[in-house]
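# Structure at a glance
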Amino acid sequence: MSLSDVRLIDFPKILDERGNLSFIQNIDQLPFVVKRVYWIYDVPGGEQRGGHAYKSLHEIIIALSGSFDVIVNDGTGEKKITLNRSYYGVYIPKMIWRRLENFSTNSLAFIAADQPYDAGDYIRDYQDFQQLLSGS
Ligand code: TYD
């Protein structure tokens, strides 16, 4: 996988004077079937989350509220994606190192993944990540 596999995905926007609405529908909008969602909130100023890669998990990260930066790294380069709208997200495939930082007050990170939680799928050491990349 490389940084070019990381991409933004737009969700439908139903604009309405009463408030706007967006949605995710598996079949036609995501490159995978969602098996799990989770969200990260109440992040203290200056904190980071993530800082790992997955061996096989694919995910999409959305800033449902506020803003934060997603830093992605494919072992050769790094890219920063700022998320600050709830109607798009960033798709991150397996074997991309990623971390979330620069959370605004009251920001809400929503993550949809193609697998249930599995601690064994995490690569938490950056050197291990690089070794796995060079061996594949
Ligand atoms: P983790 O993904 O390690 O967060 P971060 O990479 O930001 O440090 O998750 C933190 C803890 O939460 C971890 O010990 C396991 C638990 N957890 C679950 O039980 N289920 C989940 O779906 C997730 C994402 C985490």
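Our subject in this report is the structure included herewith. (Residues numbered from 1 in each chain as written. Predicted model: local features only at pLDDT ≥ 70, side-chain atom pairs only at ≥ 80, totals over all residues. Heavy atoms only, no water.)

Arg36, Tyr38, Arg49, Gly50, His52, Tyr117, Tyr122 and Arg124 make up every residue found near the ligand. Arg49 places a polar side-chain atom, nitrogen or oxygen, 2.8 Å from an oxygen atom of the ligand. Note that an oxygen atom of the ligand is positioned 2.8 Å from one of the backbone N or O atoms of Gly50. When the ligand sits alone it has 520 Å² of accessible area, and the protein chains cover 59% of it. Those elements that provide at least two residues to the shell around the ligand are strand E4 (36-40) and strand E5 (49-54). Element by element, the count of residues in the shell around the ligand is highest for E5, at three residues. Counted by class, the shell around the ligand contains three nonpolar, two polar and three charged residues. (Near = heavy atom within 4 Å. Polar contact = N/O pair within 3.5 Å; in protein donor to acceptor, adjacent residues only side chain to side chain. Areas by Shrake-Rupley, 256 points an atom, 1.4 Å probe, with all protein chains shown as cover. Helix = DSSP H or I, 4+ residues; strand = E, 2+ residues; numbered from the N terminus. Nonpolar A, V, L, I, M, F, W, Y, C, P; charged D, E, K, R; others polar.)

Turning to the pattern of salt bridges, a few remarks are in order. In this structure the tally under the stated criterion is five salt bridges. For Asp69, the salt bridge is made with Lys80, and the minimal N-O distance between the two is 4.0 Å. Residue Asp69 is located in strand E7 (residues 68-73), and its partner Lys80 is located in strand E8 (residues 78-83); the two are separated by eleven residues in the primary sequence. In the salt-bridge network here, residues are joined through shared partners; they are Glu78, Arg99 and Glu101. (Salt bridge = Lys/Arg side-chain N within 4 Å of Asp/Glu carboxyl O.)

As summarised here, the arrangement of the five strands in space is E1-E9-E6-E11-E4, forming an open sheet in which the pairing is antiparallel. At either margin of the open sheet sits one strand with a lone partner, and together these are strand E1 (7-10) and E4. Across the sheet, the mean angle from the axis of one strand to that of its neighbour is 25°, orientation sign disregarded. Relative to strand E11 (residues 108-113), E4 is paired through five bridges, and the arrangement is antiparallel. Looking across to E11, one finds that Arg36 is bridged to Ala113. (Pairing = 2+ DSSP bridges. Axes fitted to C-alpha atoms, helices over the stretch in contact; angles between N-to-C directions.)

Below, the discussion takes up the side chain of Glu59. In this structure, Glu59 sits in strand E6 (residues 59-65). A polar contact is formed between the side chain of Glu59 and the side chain of Arg98, at a distance of 2.8 Å. Other than its neighbours up to four places away in sequence, Glu59 contacts Phe32, Tyr38, Tyr54, Val90, Tyr91, Ile92, Arg98, Ile111, Ala112 and Ala113. (Contact = heavy atoms within 4.5 Å.)

Taken as a whole and judged by the stated rule, the model has nine aromatic pairs. With a centroid separation of 5.6 Å and 45° between ring planes, the pair formed by Tyr126 and Phe129 is classed as tilted. You can see Tyr126 and its partner Phe129 sitting in helix H2 (residues 126-135), three residues apart, about one turn around the helix. By relative accessible area, Phe129 is classed as buried at 0%. Through a chain of ring-to-ring contacts, the aromatic side chains of Tyr54, Tyr117 and Tyr122 assemble into a single cluster. Sitting over the ring of Tyr87, Lys13 keeps its end group 3.9 Å from the ring centre. (Phe/Tyr/Trp six-rings, centres within 6.5 Å; stacked < 30°, edge-to-face > 60°. Buried < 20%, exposed > 50% of the residue type's maximum accessible area, 1.4 Å probe, protein only. Lys NZ or Arg CZ within 6 Å of the ring centre and 35° of its normal.)

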